[in-house]
There are 2 protein chains.
Amino acid sequence: MSANEPVAKTPPKVSQRGRAAAPPANSNADKKEVPEFEPFGLMPRGPPPLVEFLDILEVDMLQTQSGVNKPHHNTHMYANDRLIVRRGQEFQLKVTFDRPYKPSEDKFAVEFVIGSSPQFNKGTYVPVFVTKERQSPWPGRVVDSTDSVVTVGITPAPDCIVGKWRVYVAVTTPYGIRRTKWDESRDVYVLFNPWAPADSVFLDDYNERLECVLNELGVIYHGAFDDVAERPWNFGQFDYGVLDACLFVMDQAGMPITNRSDPIKVTRIASAMLNSRDDDGVLEGNWGGDYTYGVAPTSWTGSSEILLQFSSTKRPVCYAQCWVYAAVFNTFLRCLGIPGRVVTNFFSAHDNNGDLRTDIILDDKGKIDKLRTVDTIWNYHCWNECFMTRPDLPLGFGGWQVVDATPQETSDGMYRCGPASVLAIKHGQLCFQFDARFVFAEVNSDVVFKSRNRDGTLTTVKVNTSHVGRMVLTKSPGQDTRRDITDHYKFKEGSPEERTVLEKAEEYGSEREKASPPKGDVELVMSLVEVLVGDSFELKLQFNNTSNQTRSVDMYVNGNVVYYTGVTSSEFLFKSPEVTLGPKKAGKEVVIQVPAKDYMRKLVEQANLHFIATGKVKETGQIVSAMRVVTLHTPKLTVEVSGTAKVSEKMLAIIKFTNPFKFHLEDVYVRVEGPGIMPPNFKHYSLVTAGSSVTWTEPFYPRRAGPTRLMASLDCAALRQVYGQTELTIEP
Amino acid sequence: MSANEPVAKTPPKVSQRGRAAAPPANSNADKKEVPEFEPFGLMPRGPPPLVEFLDILEVDMLQTQSGVNKPHHNTHMYANDRLIVRRGQEFQLKVTFDRPYKPSEDKFAVEFVIGSSPQFNKGTYVPVFVTKERQSPWPGRVVDSTDSVVTVGITPAPDCIVGKWRVYVAVTTPYGIRRTKWDESRDVYVLFNPWAPADSVFLDDYNERLECVLNELGVIYHGAFDDVAERPWNFGQFDYGVLDACLFVMDQAGMPITNRSDPIKVTRIASAMLNSRDDDGVLEGNWGGDYTYGVAPTSWTGSSEILLQFSSTKRPVCYAQCWVYAAVFNTFLRCLGIPGRVVTNFFSAHDNNGDLRTDIILDDKGKIDKLRTVDTIWNYHCWNECFMTRPDLPLGFGGWQVVDATPQETSDGMYRCGPASVLAIKHGQLCFQFDARFVFAEVNSDVVFKSRNRDGTLTTVKVNTSHVGRMVLTKSPGQDTRRDITDHYKFKEGSPEERTVLEKAEEYGSEREKASPPKGDVELVMSLVEVLVGDSFELKLQFNNTSNQTRSVDMYVNGNVVYYTGVTSSEFLFKSPEVTLGPKKAGKEVVIQVPAKDYMRKLVEQANLHFIATGKVKETGQIVSAMRVVTLHTPKLTVEVSGTAKVSEKMLAIIKFTNPFKFHLEDVYVRVEGPGIMPPNFKHYSLVTAGSSVTWTEPFYPRRAGPTRLMASLDCAALRQVYGQTELTIEP
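Read on for a plain summary of the structure. Everything numeric in this text was worked out from a predicted model, so none of it was measured. (Residues numbered from 1 in each chain as written. Chains lettered and ligands numbered in written order. Predicted model: local features only at pLDDT ≥ 70, side-chain atom pairs only at ≥ 80, totals over all residues. Heavy atoms only, no water.)

**A closer look at the overall build of chain A**
Link 1 in the chain: Per the secondary structure count, chain A includes 11 helices and 39 strands.
Link 2 in the chain: Projected onto its principal axes, the C-alpha coordinates of chain A cover approximately 115 × 65 × 65 Å.
Link 3 in the chain: Scored against the burial criterion, the 732 residues of chain A give a buried share of 61%.
Link 4 in the chain: Once local pairs closer than 6 in sequence are excluded, the contacts in chain A between residues at least 24 apart make up 69%.
Link 5 in the chain: Working note: accessible area of chain A is about 27000 Å², and carbon and sulfur atoms make up 52% of it.
Link 6 in the chain: The centroid of the 82 positive side-chain charges in chain A is displaced by 2 Å from the centroid of its 89 negative side-chain charges. (Helix = DSSP H or I, 4+ residues; strand = E, 2+ residues; numbered from the N terminus. Buried < 20%, exposed > 50% of the residue type's maximum accessible area, 1.4 Å probe, protein only. Contact = heavy atoms within 4.5 Å. Areas by Shrake-Rupley, 256 points an atom, 1.4 Å probe, with all protein chains shown as cover. Lys, Arg positive; Asp, Glu negative; His and termini not counted. Charge placed at Lys NZ, Arg CZ, Asp CG, Glu CD.)

**A few points about the pairing of strand S29 (residues 578–581) of chain A**
All names here are of chain A.
Link 1 in the chain: Here S29 shows a buried face lined by Val-579 and Leu-581 and an unburied face lined by Glu-578 and Thr-580.
Link 2 in the chain: Here strand S27 (residues 551–562) pairs with S29 via four bridges, running antiparallel. Within the sheet, the bridge partner assigned to Val-553 lies in S29 and is Val-579. (Pairing = 2+ DSSP bridges.)

**Brief notes about the relation of the copies chain A and chain B**
Two copies of the chain are present, and they differ by a rotation about an axis and a shift along that axis.
Link 1 in the chain: Note on the identical chains: chain A maps onto chain B by a rotation of 180 degrees and an axial translation of 0.0 Å, with an RMSD of 0.1 Å. The operation mapping one copy onto its partner corresponds to a two-fold rotation axis.
Link 2 in the chain: The share of interface residues of chain A whose copies in chain B are also at the interface is 99%, consistent with both copies meeting through the same surface. (Least-squares fit on C-alpha atoms with pLDDT ≥ 70 in both.)

**Here we look at the interface of chain A and chain B**
Link 1 in the chain: The partner chain B presents 101 residues to the 102 residues of chain A that form the contact.
Link 2 in the chain: Interface area for chain A against chain B, summed over the two sides, is near 8200 Å², with a carbon-plus-sulfur share of 53%.
Link 3 in the chain: Counting the contacts that link chain A with chain B gives six salt bridges.
Link 4 in the chain: With a shortest N-O distance of 3.6 Å, Arg-134 of chain B and Asp-455 of chain A are connected by a salt bridge. (Buried area = accessible area lost by both parts, 1.4 Å probe. Salt bridge = Lys/Arg side-chain N within 4 Å of Asp/Glu carboxyl O.)

**Quick notes on the side chain of Thr-460 of chain B**
Residues and elements named next belong to chain B.
Link 1 in the chain: As for its position among the elements, Thr-460 is in strand S22 (residues 458–464).
Link 2 in the chain: Among the polar contacts listed, one links the side chain of Thr-460 to the side chain of Glu-513, at a separation of 3.1 Å.
Link 3 in the chain: Beyond its immediate chain neighbours, meaning those up to four positions away, Thr-460 contacts Val-448, Phe-449, Lys-450, Glu-513, Ala-515 and Pro-517. (Polar contact = N/O pair within 3.5 Å; in protein donor to acceptor, adjacent residues only side chain to side chain.)

**Examining the side chain of Thr-708 of chain A**
All names here are of chain A.
Link 1 in the chain: Positionally, Thr-708 belongs in strand S38 (residues 706–716).
Link 2 in the chain: Taking relative accessible area as the criterion, Thr-708 reaches 7% and is therefore assigned buried.
Link 3 in the chain: At 2.8 Å, the side chain of Thr-708 and the backbone oxygen of Pro-675 are in polar contact.
Link 4 in the chain: Discounting residues that sit within four places of it in the chain, Thr-708 has contacts with Leu-217, Pro-675, Ile-677, Thr-726, Glu-727, Leu-728 and Ile-730.

**Re the packing of aromatic side chains**
All names here are of chain A.
Link 1 in the chain: For the structure on display, the rule yields 51 aromatic pairs over all chains.
Link 2 in the chain: Pairing Tyr-556 with Phe-574 gives two aromatic rings, centres 6.3 Å apart and planes at 20 degrees, and the pair type is stacked. With a gap of 18 residues between them, Tyr-556 in strand S27 and Phe-574 in strand S28 (residues 568–575) connect regions that are remote in the sequence.
Link 3 in the chain: Here the guanidinium or amino end of Arg-134 rests over the ring plane of Phe-129, the centre of that ring lying 4.2 Å away. (Phe/Tyr/Trp six-rings, centres within 6.5 Å; stacked < 30°, edge-to-face > 60°. Lys NZ or Arg CZ within 6 Å of the ring centre and 35° of its normal.)

**As for the environment of Ser-303 of chain B**
Residues and elements named next belong to chain B.
Link 1 in the chain: Tracing the sequence through the fold places Ser-303 in the loop between strand S14 (283–285) and helix H5 (304–313).
Link 2 in the chain: On the basis of relative accessible area, Ser-303 is assigned to the buried category, the value being 0%.
Link 3 in the chain: In this structure the C-alpha to C-alpha distance between Ser-303 and Leu-573, which are 270 residues apart in sequence, comes to 39 Å.
Link 4 in the chain: Residue contacts for Ser-303: discarding those within four places in its chain leaves Trp-233, Asn-234, Phe-235, Ala-327, Val-328 and Thr-331.

**So, the sheet that holds strand S24 (residues 482–484) of chain B**
In a beta sheet, neighbouring strands are held together by backbone hydrogen bonds and run either parallel or antiparallel to one another.
Residue and element names in this part refer to chain B.
Link 1 in the chain: Within the open sheet, the six strands sit side by side as S20-S19-S18-S16-S23-S24. Their pairing is antiparallel. Sheet topology places strand S20 (420–421) and S24 at the edges, where each strand pairs with a single neighbour.
Link 2 in the chain: Pairing of strand S16 (residues 340–349) with strand S23 (residues 471–475), which is carried by three bridges, proceeds in the antiparallel orientation. Bridging across to S23, Phe-346 finds its partner in Met-471.

**Some details on the sheet that holds strand S26 (residues 537–545) of chain A**
All names here are of chain A.
Link 1 in the chain: Strand order in the open sheet made by the three strands is S25-S26-S30, with antiparallel pairing throughout. Where the open sheet ends on each side, the last strands, each with one partner, are strand S25 (522–526) and strand S30 (588–594). Neighbour-to-neighbour, the strand axes of the sheet open up by a mean angle of 20 degrees, direction not taken into account. (Axes fitted to C-alpha atoms, helices over the stretch in contact; angles between N-to-C directions.)

**Looking at unusual backbone geometry**
Link 1 in the chain: For the bond running from Cys-318 of chain A to Tyr-319 of chain A, omega is 0 degrees, close enough to zero to count as cis.
Link 2 in the chain: Mapped onto the elements, Tyr-319 of chain A comes out in strand S15 (residues 317–320).
Link 3 in the chain: For the bond from Gly-418 of chain B to Pro-419 of chain B, the omega torsion is 0 degrees, close enough to zero to count as cis.
Link 4 in the chain: Not every positive phi belongs to a glycine, and Gln-721 of chain A is a case in point at roughly 45 degrees.
Link 5 in the chain: Relative to the assigned elements, Gln-721 of chain A resides in strand S39 (residues 719–730).
Link 6 in the chain: Residue class for Gln-721 of chain A comes out buried when judged on its relative accessible area of 8%.
Link 7 in the chain: Its identity as a non-glycine residue notwithstanding, Leu-62 of chain B has a phi of 50 degrees, on the positive side.
Link 8 in the chain: Of note, Leu-62 of chain B is situated in the loop between strand S2 (56–60) and strand S3 (83–86).
Link 9 in the chain: Judged by relative accessible area, which is 16%, Leu-62 of chain B ranks as buried.

**Brief notes about the state of the cysteines**
Link 1 in the chain: Taken as a whole and judged by the stated rule, the model has zero disulfides over all chains.
Link 2 in the chain: Here Cys-386 of chain A is not cross-linked by a disulfide; its sulfur's nearest cysteine counterpart is in Cys-212 of chain A, at 11 Å.
Link 3 in the chain: Owing to a relative accessible area of 0%, Cys-386 of chain A belongs among the buried residues under this scheme.
Link 4 in the chain: The cysteine Cys-417 of chain B is free of any disulfide, with Cys-386 of chain B supplying the nearest cysteine sulfur at 11 Å. (Disulfide = S-S within 2.5 Å.)

See below:
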């Protein structure tokens, strides 16, 4: 039909003229001047009476790092010249008039304005008065008044909008209001305040507050629950430009200014905005192995580089995997003053859209059916916790909240997740917003072994209820040790509380495996091995036969190179030993040799080897199985510094690496940075020959005193996540 | 930094190789052949034993409209040749073998497959057996077996995946499984089943079921609560191609096949997908008044045209406003078998992101401050209700659920809304997913009049708690009368229950106005006027003075042309009468003349006039105010038919319109369609001169017997939403 033809063309941007009375105020960058003079109705006829009015000569925001404001508001670390304060806490500024201030006669107000079309009733225009008679939403008082200089104390409401405010001083005359011109240097950033009991992000614990708001140095855990590896990270929330970049993230999301007072809305928007899906967000995910067009996820050493690039290019930064999303999200949280931390969940069920089952399919001989086994368990998954009250939920669900910016591509098409109350997850209260059900499944799913029958149906042969969510770790406050917070998420394995919780979860529609196959009398464990990448090693299978007859098992042992998402890249080992166990035989060992050459040429990033041993007991038909992830340890980077560690004194960073392999490394990127001492920097080596060493010496000039760290990473296609760091303390 | 330069380029589509083991099955269009022969391990050595196997000659899906299946499944109205059944209810098919079937020896299965990589444990591969020994998830039985023809009865699980399934018949031989080739004509659509008690969309009420699942004829209410207008709509859920289009909507959303068994997930995805925001969904919203590049929202007469265009062009259809979103959503729901209806909420608070306040700002004289009044109340807003259980919530929140596809551009950037339990909304249980808080505010906000003080602060002078959510209407089951369902959403105004609910809602963080200014002794009402567009009329203000002194009021009366969103287009009337009221004076009337010429040339679509009268009582400073929306009535289209109303007999539709105005109408579109009798059709008139008439005679051939309707609309820039219809019954 011809009327439809034009539709086939891309229609022009449609106008919202009839949709809203005013364009939405959704950018902190919007600046609309408030009039310099606001007349009250008509001017009186004839010559104006000879009244003299107060005139403003100067406004001093007292914004120096060492001044009266920043240190008390814990904002002196921000590399930012403007005044930065936290809401719910008084700050001061000085107004100089043309003559001494007369409290009885003179009427003046300090006005705060944010976004376009500022409105008193929307909380985007806030006049502050210093006299009792006139109430203002932000309490104001005269702290001191000497001659013509008045020091004003102002306390932003503990639930006010967080962002960059413009400041005016206005004098009320009989004819109208006279205002100072807008002066960018007087802009003030108002942040969330974990120190203020009235703020919804108030965090009572002193150490946690210091860690989760002020610490720039992070440790992100990965690897395996019984062989944990660490990745240092520079959150850099105080670095130059990062605060503006975080505000820009909300602007880019088109988040209404009026919503920016609520940490629930702020974190929910951010969880969507930090990934590029839907909304051209901050980070482009890539699990493909080819990172030619960007930076490999394993190569990043800090967040600020990413945030600054996003705010300057206004397009997604390439590339991220879960820990990069979590680390940058963490910077966003801490920078705005919301307590935040990165947590790692080992063996994280994924993409199962809230159901509590991960299936592994075996053929009728007990051999794994690769084609039909599509569920994956991530070796680990990183997300964030942020601390806040939850007025939108019944009492008792405040505290730490899970937010996750990693897009759940393959589950519900969820490109945002949380905030979900950790307490709600622990107690199976999955009906409470937001997305608690998904997080619950990530830590609580069962691993179910199913045997495929000839007619295409499946029979459950084994259920492992303890594999998933094996351990949840985060960094301890104030120190670099691991903190096991598994018990924040779940009750003890097998405890009556745990059973109740799982039943509750099922009431809310999370399905789990019902069948409970007999336990059987043959047990199998695969022992832990710690291996340096490039080494050959032995894999030990230990069998116990608890029956008093002989048992013989046809075993199938697969060795696969896997991504950290549990996805198999390629098989490098397959053995099918036949094992015979005497009656009551315990600790029978089967040793399998794993030569380095078999796996080396098949390695993918993060070098994880996944072994799965399954088999069928001839006599009883029992299925025995064991899984083991071997995370190959990578060589270290050595990082050293020389020179006197004083602010602005030249120092040298020396980063050394030796290629331990019998093959060359190509296109090697080395990155280094250090909070307060060195901005992100990198060097490219096209070739590091087998056995050879490279040394990079880079000068730097510490910006800030105090203890800090220099962190470096080395990355290339053949060898990823090589890290090194050194601690140092800068003297003032 | 050079390493970042490549990032500035748009990166290529990244691979998800390491992200998931198999590409997600998220399209019903995916067709992966199941192998014709599936060997069991190795073939035996030597010549195979001479066993003869069952061979399949023919499979008959018994899919004719009048056959054993469709009428019992209430699917015979679909203009679709394939078999269409509802889950949780038996259907039959006939298999013809090469010889009589021997239950004792022969093993065969009917297999159902959907999406790519079908999996038994994911419910995307379902083998159905007819023998007791072999359990299948979908019960199967032999209904009848004569000679070599076996009639099989199959009952899809009541919670199975909804969509288009592929059907195979497989015979088990000692060597493996032999299958029929895939034959598209055997595909079967499995839909939700409101008739099956075990289905989560089971609806017990016979009349509501017929109305909300099978009725193609809709009435959508608009206008004002005390002057309701009606808009006929052809949902056309049974029209040719619509069912496939609805499945395509889910495919386009990339919705995992495995989620399509759950009406909660299906409706949530659809609420996002029906608008074009984020995801290139079905409908492009446009409130701008310029619809040159598409079809004016007021011009559509049915859904099928929109859905078919979307599925063929795969790009958003232009243009929609709320009732178009709701009507197409309703088609989607009914077509898939989820009970659905369109509801209209009169005076719907909007874009207030879940808070319970809509502010109107007055200056210090009591005159409305247009610049600062940015909140709008929609004259009406349409959304959908769908019926289902809510296993994800505590008991008691099943039943009707609100879903809304109209994008909330200016509030939380919400481009999906619901399902939110209507019961949860009525009881203020806003902590339960999804988006209950927004819907609650749409029916419960207060209108707050605020007076602006000289110092920029605001004082609340009047609170109207009964204006918003004044009435919620939907069509009565089985008849064309209005059904007031306001009490589904809220308790009686001023009742103790209502107070409790509002307090509960505030517990969940919905803020409402706290101040309660004195009532005052002067009352004002603006009486209702029903006006035909183009007529002059009188507006009456009635004052009561309950005090014993004289009262004088400076009134300000604004007349604005507004969009149905409450947004002001332009002011066409401003009067400031001074009113004096004697002591105890009641019913004092002030009459304001509204000449047609004043508003006609300023009219925008939907021709709503919004009058607001505000003023201040000199003696007491009391603010008096009243609001009134006058929805101008439009002329009717006359629709007549001639010819014998029999299936496939030629009939004529005669659509007449007379331009009642003193001006010409340009670029006039007339649209007409009728369920089962005439596909959507339109005619364009470049000019209809003042006072002249146009008649359009169009032949049509009824496709289906039964009562139906012919609906027409007329639309042009100067005159919108002109409708007409006629009822007729087609003989077989």
